[in-house]
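Residue-level listing of the chains:
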There are 2 protein chains.
Amino acid sequence: MIDAASLAELDAALPGRVSTAPADLTLYSRDQGPVLEPVLPGAVVHAHTVADVQALLRWATRHAVAIVSRGAGSGVSGGAHATTGSVILSLERMNRILEINADDETAVVEAGVINTELNDAVAEYGLMYAPDPASYRWSTIGGNVATNAGGLRCAKYGVTRDSVLALDVVLADGTLISTGHRTFKGVAGYDLTALMTGSEGTLGVIVGITVRLRYLPRSVHTLAAFFEDFPRAAAGVLAIGRARVQPAILELLDGRTLEALDGAHGSDLRSRGGSLLLVRTDGYGAAAEAEAIRTALVGLGASVSEEDSEEADRLVDLRRHSRGDEVDDLYRVGEDVAVPKSQLVHYVAALEAMAERHNVQLKVVAHAGDGNLHPTFWVERSEGAEAQERLEAALDESIRCALDLGGTITGEHGVGQYKRRWLAWEQSPEVLRLQAEIKKVFDPLGILNPGKAIVS
Amino acid sequence: MIDAASLAELDAALPGRVSTAPADLTLYSRDQGPVLEPVLPGAVVHAHTVADVQALLRWATRHAVAIVSRGAGSGVSGGAHATTGSVILSLERMNRILEINADDETAVVEAGVINTELNDAVAEYGLMYAPDPASYRWSTIGGNVATNAGGLRCAKYGVTRDSVLALDVVLADGTLISTGHRTFKGVAGYDLTALMTGSEGTLGVIVGITVRLRYLPRSVHTLAAFFEDFPRAAAGVLAIGRARVQPAILELLDGRTLEALDGAHGSDLRSRGGSLLLVRTDGYGAAAEAEAIRTALVGLGASVSEEDSEEADRLVDLRRHSRGDEVDDLYRVGEDVAVPKSQLVHYVAALEAMAERHNVQLKVVAHAGDGNLHPTFWVERSEGAEAQERLEAALDESIRCALDLGGTITGEHGVGQYKRRWLAWEQSPEVLRLQAEIKKVFDPLGILNPGKAIVS
Ligand SMILES: Cc1cc2nc3c(=O)[nH]c(=O)nc-3n(C[C@H](O)[C@H](O)[C@H](O)COP(=O)(O)OP(=O)(O)OC[C@H]3O[C@@H](n4cnc5c(N)ncnc54)[C@H](O)[C@@H]3O)c2cc1C
Ligand SMILES: Cc1cc2nc3c(=O)[nH]c(=O)nc-3n(C[C@H](O)[C@H](O)[C@H](O)COP(=O)(O)OP(=O)(O)OC[C@H]3O[C@@H](n4cnc5c(N)ncnc54)[C@H](O)[C@@H]3O)c2cc1C
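Residues numbered from 1 in each chain as written. Chains lettered and ligands numbered in written order. Predicted model: local features only at pLDDT ≥ 70, side-chain atom pairs only at ≥ 80, totals over all residues. Heavy atoms only, no water.

The name an unreviewed UniProt entry assigns to chain A is FAD-binding protein, from the organism Arthrobacter cheniae. The UniProt entry for chain A carries the following comment under Sequence similarities (unreviewed entry): "Belongs to the FAD-binding oxidoreductase/transferase type 4 family." Per UniProt, chain A has the following entry under Cofactor (unreviewed entry): "FAD". (UniProt positions renumbered as here; feature names shortened; annotations may be inferred.)

Undergrad: Tell me about the relation of the copies chain A and chain B, and please be specific about residues and values.
TA: Once chain A is rotated about the relating axis by 180 degrees and shifted along it by 0.0 Å, it coincides with chain B to within an RMSD of 0.0 Å. Here the transformation between the copies is reduced to the relation of a two-fold axis. In terms of proximity to the rotation axis, the leading residue of chain A is A:Gly285, whose C-alpha is 1.9 Å off the axis. When the interface residues of chain A are mapped onto chain B, 100% of them again lie at the interface, so the same face is used by both copies. (Least-squares fit on C-alpha atoms with pLDDT ≥ 70 in both. Contact = heavy atoms within 4.5 Å.)

Undergrad: Could you give an account of the UniProt feature "domain: FAD-binding PCMH-type" (unreviewed entry) in chain A, with specific residues and numbers?
TA: What UniProt calls "domain: FAD-binding PCMH-type" (unreviewed entry) maps, in this numbering, to residues 37-216 of chain A. Here residues 37-216 of chain A runs as 22% helix and 27% strand, with 44 Å between its end C-alpha atoms. (Helix = DSSP H or I, 4+ residues; strand = E, 2+ residues; numbered from the N terminus.)

Undergrad: Tell me about the pattern of salt bridges, residues and numbers included.
TA: Counting across every chain of the model gives 68 salt bridges over all chains. With a closest N to O distance of 3.8 Å, A:Glu259 and A:Arg256 form a salt bridge. Placement of both A:Glu259 and A:Arg256 in helix α9 (residues 255-265) is noted, with a separation of three residues, approximately one turn of the helix. The structure contains a network of salt bridges with shared partners spanning A:Glu105, B:Arg244 and B:Lys341. (Salt bridge = Lys/Arg side-chain N within 4 Å of Asp/Glu carboxyl O.)

Undergrad: Quick rundown of the domain arrangement of chain A? Include the residues and the values.
TA: Residues and elements named next belong to chain A. One can read the domain layout of chain A as domain 1 (4-90), domain 2 (97-215), domain 3 (220-320) and domain 4 (332-419). Taking only C-alpha atoms, the centre of domain 3 and the centre of domain 4 are 22 Å apart. Contact with domain 3, which involves 16 residues of that partner, is made by 17 residues of domain 4. Seen at the junction of domain 3 and domain 4, the total is zero salt bridges. (Domains from an automatic or database assignment.)

Undergrad: Give me the lowdown on the site of ligand 2, citing residues and values where you can.
TA: All names here are of chain B. Taken together, 36 residues surround ligand 2, and among them Ser69, Ser74, Gly75, Ser135 and Thr140 come closest. In this structure, an oxygen atom belonging to ligand 2 sits 2.8 Å away from a main-chain N or O atom of Gly73. Between ligand 2 and the protein, one listed contact pairs an oxygen atom with a backbone N or O atom of Gly79 at 3.1 Å. Starting from 970 Å² of accessible surface for ligand 2 in isolation, the protein chains cover 96%. (Near = heavy atom within 4 Å. Polar contact = N/O pair within 3.5 Å; in protein donor to acceptor, adjacent residues only side chain to side chain. Areas by Shrake-Rupley, 256 points an atom, 1.4 Å probe, with all protein chains shown as cover.)

Undergrad: With reference to specific residues and values, describe the interface of chain A and chain B.
TA: Counting residues at the interface gives 86 residues for chain A, matched by 86 residues for chain B. Of the roughly 6900 Å² buried between chain A and chain B, counting both surfaces, carbon and sulfur atoms make up 58%. Broken down residue by residue, the surface that chain A buries against chain B is led by A:Lys185, A:Tyr190 and A:Arg244, which jointly contribute 15%. We note a salt bridge from B:Asp103 to A:Arg242, for which the minimum N-O separation is 2.6 Å. Across the chain A-chain B interface, the total number found is 31 residue pairs in polar contact (both at pLDDT 80 or more). Elements supplying a minimum of two residues to the side of chain A that touches chain B: α6 (154-157), β9 (176-180), α7 (192-196), α8 (230-242), α11 (286-298), α15 (420-426) and α16 (429-442) of chain A. (Buried area = accessible area lost by both parts, 1.4 Å probe.)

Undergrad: Run through the sheet that holds strand β18 (residues 372-378) of chain B, naming residues and quoting values.
TA: Residue and element names in this part refer to chain B. Strand order in this open sheet of seven strands is β15-β12-β14-β13-β17-β18-β16, and the pairing throughout is antiparallel. One side of each edge strand has no neighbouring strand; the edge strands of this open sheet are β15 (303-306) and β16 (332-334). Each strand of the sheet is rotated relative to its neighbour by a mean of 15 degrees, with strand direction disregarded. Pairing geometry for strand β17 (residues 361-367) and β18, over seven bridges, is antiparallel. Among the inter-strand pairings, Leu362 is bridged to a residue of β18, identified as Phe377. Its contacts with the sheet put helix α9 (residues 255-265) on β12 (220-227), β13 (249-254), β14 (275-282), β17 and β18, and the angle it makes with β13 is roughly 85 degrees. Strands in contact with helix α12 (residues 309-320) are β12, β13, β14, β17 and β18; relative to β14, the strand with the most contacts, it is inclined by about 120 degrees. (Pairing = 2+ DSSP bridges. Axes fitted to C-alpha atoms, helices over the stretch in contact; angles between N-to-C directions.)

Undergrad: So what's going on with the pairing of β13(B)? Which residues, and what values?
TA: Residues and elements named next belong to chain B. Of all six residues making up β13, six are buried, and the element is well covered by its neighbours. Here β13 shows a buried face lined by Ile249, Glu251 and Leu253 and a second buried face lined by Leu250, Leu252 and Asp254. Pairing geometry for β13 and β14, over six bridges, is antiparallel. Directly across from Glu251, in β14, lies its bridge partner Leu278. Pairing analysis gives three bridges linking β13 to β17, with the strands arranged antiparallel. (Buried < 20%, exposed > 50% of the residue type's maximum accessible area, 1.4 Å probe, protein only.)

Undergrad: Quick rundown of the environment of B:Glu251? Include the residues and the values.
TA: All names here are of chain B. For Glu251, the location among the structural elements is in strand β13. Glu251 sits in the buried class, given a relative accessible area of 1%. A sequence separation of 119 residues divides Glu251 from Asp370, and the C-alpha atoms of the two residues are 9.4 Å apart. Beyond its immediate stretch of four places on either side in the chain, Glu251 contacts Leu152, Leu276, Leu277, Leu278, Arg319, Ala366, His367 and Ala368. Side chain to side chain, Glu251 and His367 meet in a polar contact 2.7 Å long.

Undergrad: I'd like a rundown of the packing of aromatic side chains, residues and numbers included.
TA: Enumeration according to the criterion identifies two aromatic pairs over all chains in this entry. For the ring pair A:Tyr418 and A:Trp422, a centre distance of 5.9 Å and an interplane angle of 85 degrees mean the geometry is edge-to-face. Neither residue differs from the other here; A:Tyr418 and A:Trp422 are each classed as buried. Its end group placed over the ring of A:Trp378, A:Arg332 keeps NZ or CZ at 5.9 Å from the ring centre. Taking the ring centre of B:Phe184 as reference, the NZ or CZ of B:Arg212 above it sits at 3.7 Å. (Phe/Tyr/Trp six-rings, centres within 6.5 Å; stacked < 30°, edge-to-face > 60°. Lys NZ or Arg CZ within 6 Å of the ring centre and 35° of its normal.)

Undergrad: Residue-level account of the confidence of the model for chain A, with values.
TA: Where the model shows low pLDDT, its predicted coordinates should not be examined in detail. Per-residue confidence for chain A gives a mean pLDDT of 96; residues scoring 70 or more make up 100%. For this predicted complex, the interface confidence reaches an ipTM of 0.97, while the overall pTM sits at 0.98. (pLDDT = per-residue confidence, 0-100.)

Undergrad: How would you sum up the nonpolar core? Please name residues and give values.
TA: Counting 114 residues, the largest nonpolar core has A:Val53, A:Ile209, A:Phe442, B:Val53, B:Ile209 and B:Phe442 as its most contacted members. When neighbours within four sequence positions are excluded, B:Phe442 is seen to be in contact with A:Leu434, A:Ile438, B:Leu171, B:Ala172, B:Leu192, B:Leu195, B:Met196 and B:Leu203. A:Leu250, A:Ala302, A:Val304 and A:Val348 belong to the second-largest nonpolar core, a separate cluster that totals 53 residues. (Core = buried A, V, L, I, M, F, W, Y, C linked by side-chain atoms within 4.5 Å.)

Undergrad: Give me the lowdown on the site of ligand 1, citing residues and values where you can.
TA: All names here are of chain A. Around ligand 1 lies a shell of 36 residues, among which Ser69, Ser74, Gly75, Ser135 and Thr140 are the nearest. A distance of 2.6 Å is found between an oxygen atom of ligand 1 and a backbone nitrogen or oxygen belonging to Ser69. In this structure, Gly150 approaches ligand 1 through a main-chain N or O atom, which is 2.9 Å from an oxygen atom. Protein chains shield 96% of the accessible area of ligand 1, which is 960 Å² for the free molecule. Every element with two or more residues in the shell around ligand 1 is listed here: β3 (66-70), α5 (141-147) and β10 (205-212). In terms of residue count, the dominant contributor to the shell around ligand 1 is α5 (five residues).

Undergrad: Give a detailed account of the side chain of B:Gln435, specifying residues and quantitative values.
TA: Tracing the backbone shows B:Gln435 in helix α16 (residues 429-442). Once residues within four sequence positions are removed from consideration, B:Gln435 is found in contact with A:Gly189, A:Tyr190, A:Leu192, B:Gln427 and B:Ile454.

Undergrad: Give me unusual backbone geometry: which residues, what numbers.
TA: In this structure, A:Glu105 takes a positive phi of about 60 degrees despite not being glycine. Secondary-structure assignment places A:Glu105 in the loop between β5 (97-101) and β6 (106-110).

Undergrad: Account for the sheet that holds strand β6 (residues 106-110) of chain B, naming residues and giving values.
TA: Residues and elements named next belong to chain B. One open sheet accounts for five strands, arranged β5-β6-β10-β8-β9; its pairing is antiparallel. Edge strands, defined here as strands with exactly one partner in the open sheet, are β5 (97-101) and β9 (176-180). With direction set aside, neighbouring strand axes in the sheet form an average angle of 10 degrees. Where helix α4 (residues 115-123) meets the sheet, it contacts β5, β6 and β10 (205-212), and its direction lies at approximately 40 degrees from that of β5.

Undergrad: Any chance you could break down the packing of α8(A) against helix α13 (residues 344-358) of chain A for me, citing the residues and the numbers?
TA: Residues and elements named next belong to chain A. Where α8 meets α13, the axes come as close as 8 Å, and the angle between the chain directions of the two elements is 160 degrees. Considered as vectors, α8 and α13 are oriented roughly antiparallel to each other. Classified by chirality, the crossing of α13 by α8 is right-handed. For the pair α8 and α13, contact is made by Phe230, Pro231, Ala234, Ala235 and Val237 and by Leu344, Val345, Val348 and Glu352, respectively. Residues that form the contact of α8 with α13 fall into these classes: eight nonpolar, no polar and one charged. (Parallel < 35°, antiparallel > 145°, perpendicular 65-115°, else oblique. Left-handed = near helix turned anticlockwise from the far one by under 90°. Nonpolar A, V, L, I, M, F, W, Y, C, P; charged D, E, K, R; others polar.)

Quick look at the structure:
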């Protein structure tokens, strides 16, 4: 429990690291996900070293205090929201790149390193850290690992898990362990690295990460394919697949998203078509791949232009901003379902019908190469509780529908706090139970981010 | 316990599936790994259906009988060896391809499907199942998943785990669960699919597997680069990396391996050089990539020839046979360490020195693109116990050395039974303990392949 005595003990153990200033408590109380119930943490601790994290967790174990790990707070599932009686552990000051091994094609970073900073640092070696969530200028590698973040390039290069080789993790009792291996391959014992990846702060605090780097592509081609409407653009995704060409990036934006981007950034995307498929190929085969994709899409009636590198980067950047600056709340919720690729067209049509039926607003972007969609549903705040109910009904239906089509409730954002109500729709009681028991192995007192990620 | 009464009960539960014929017990008593202590199982059960597996495990739970799952028995770590009082569960009859979803780029198979059969079946759709252990004509997908098998193509396409989306698993008590998702991405809850992958039959019996398929490359180029000696060829691996070109296959064979292949297959590899780097590029950029690689290797003094497709396939096939037909025993042990790429040259030199110092024979092949080496050490059986001691000393030293260079004791073959003595050299007591506790969550009675994979 947090009280004056335990707080004083914490402050003595971690001098200068602990804040209870109201502004800090507010700032660190939430991430970008909808807040079901606003809660302030009891304190915020800024760790600078692994030893700081260990000291905090030893203290938390002694006093049975919940610890919510936090990177940049860019999460959108409420995974980093404060819960009652919790302390927020911010990793953002642990932001050193510890090693870049150009010949090994690996790097070792502290958890708080920002995604883009690692990419900037390794570019001079002709290398890149592939996972690039749209939040890459902001989110931390630690947070990316804790959520197993996806991103644009993961169509070709895989998700965060596919780039993580080894982890340093502080367990609930303060013990520091290392999982995995510095080599590309390794199968000694169970894959604890993968188990930690995506565990959203509920199994341990990730303090160090060894990542595998990929080759920075020498050549990049970018196509903007505008379609009359959204379902036709979704069909384009399948057509690229049927051509058996693997794009590096394959993003789908509907008309409402194009309108929103035009409004915010002064672009003229919506005038070019009702839906945009943004395709990037890279590597030695990029030109030929782009040509094969262009042929496939033109065959479907798309208007396809190859963009020069400046305009191409602008478009990809616009896509990264397509969430807009609005933070999700109870009137506006961004979803993160994924469906098998063959179901994209059906799902996109179903979403549009749902929005109409429930009388809610809808816009959709998708990491379409992976079948991962981000529909955002919203209603006007001024419409009040009744509109909120319509929103909830549309959300629930969109989840049910994705599951019926063989999909998942979350492709990359994580369950966090917000999506726990849907987890049992996807997973059986037995699978839920196994996860709760695994959690107990790592965190017998239940102090690591309770009420998140799993149902226990 | 297995006795006449419990065996009769088993036979009644699974009529026609249970064999206690001595020939069967012998045949199924071991895999291709060294046998520390020969043990016959109490029975062999051939499962035909998921229900068969469930019935067996319910019986095993009632009678506290150890179950050793077995695919093709091609493992080389003793993971499928019988242990005292165990029943062998053979999955080889569960060999149906249940679904091929060409648009989703996925397939669903039973555990006993042979790797090559899946590839044959999906090729007509322009697809491939990427993980291709050299045993691909023989080993099962279930066994590949249980060991997280690597292979030749995993330099580019990743290991088995990277192609597994979902699993159907029968738990120790007979419960059937499903893990993962049919979509390419998904982060709902903990990654139980990855936890099962590589768990070597100690956490559950894998009965069904949903895999992600990749695009069959339209174009393939193969280079044979012969070097004066082995360390120079290892330097070639680094040079390709420094050129930042990603081969699909990058295999390294030393002179002794070339001699052995020439002897067994009538080839003339050894006359072409002291060591062979076999490189394959694939996809739209294959020709340009091959050219860039050729330039890098010629710069190192290699004699590089591009092989026509028939000769290329023959070379790759020869590489797949480089283990030879000898089964490992106490006089001949194949290793499976991996080291960071920058350490390949040092490690290769160290291995040659070790073999000389301990007066043992050595040949080495390596999935060099991943830093994964298969040194085989052997002594003449006729030399007896003293030679065996020299062999053991060389083995231990090769493991220590790989660990000192930042490597792992096993890159792809698994710990099985044989490598358990080295596991604590790599992993801390705390990490070993966590694994033992995870095992208890899944298998409280300890009946799933006891004495394998982890130290508990
Ligand atoms: C504009 C925008 C675009 C986005 N685009 C994408 C996208 O393309 N793909 C994608 O996957 N996500 C995306 N996201 C979501 C978010 O950025 C990712 O989930 C990101 O990985 C979170 O990183 P973070 O450092 O902000 O973590 P936080 O939000 O601080 O935390 C996320 C979760 O991880 C836990 N955690 C954080 N650090 C640690 C640690 N060191 N140890 C243990 N647990 C920890 C937290 O407790 C929490 O549960 C986007 C978000 C925004 C706002
Ligand atoms: C010539 C040769 C070449 C090889 N090349 C490679 C290579 O390139 N890369 C590589 O990684 N390996 C290689 N191997 C090793 C071996 O082929 C792989 O480990 C393979 O994945 C084993 O598959 P299997 O079906 O034979 O499994 P088995 O040998 O029968 O079993 C392997 C392990 O998995 C468990 N298991 C098997 N099936 C199941 C199941 N359905 N559920 C739960 N547990 C199960 C067993 O208990 C055992 O622990 C090679 C072996 C040989 C003999």
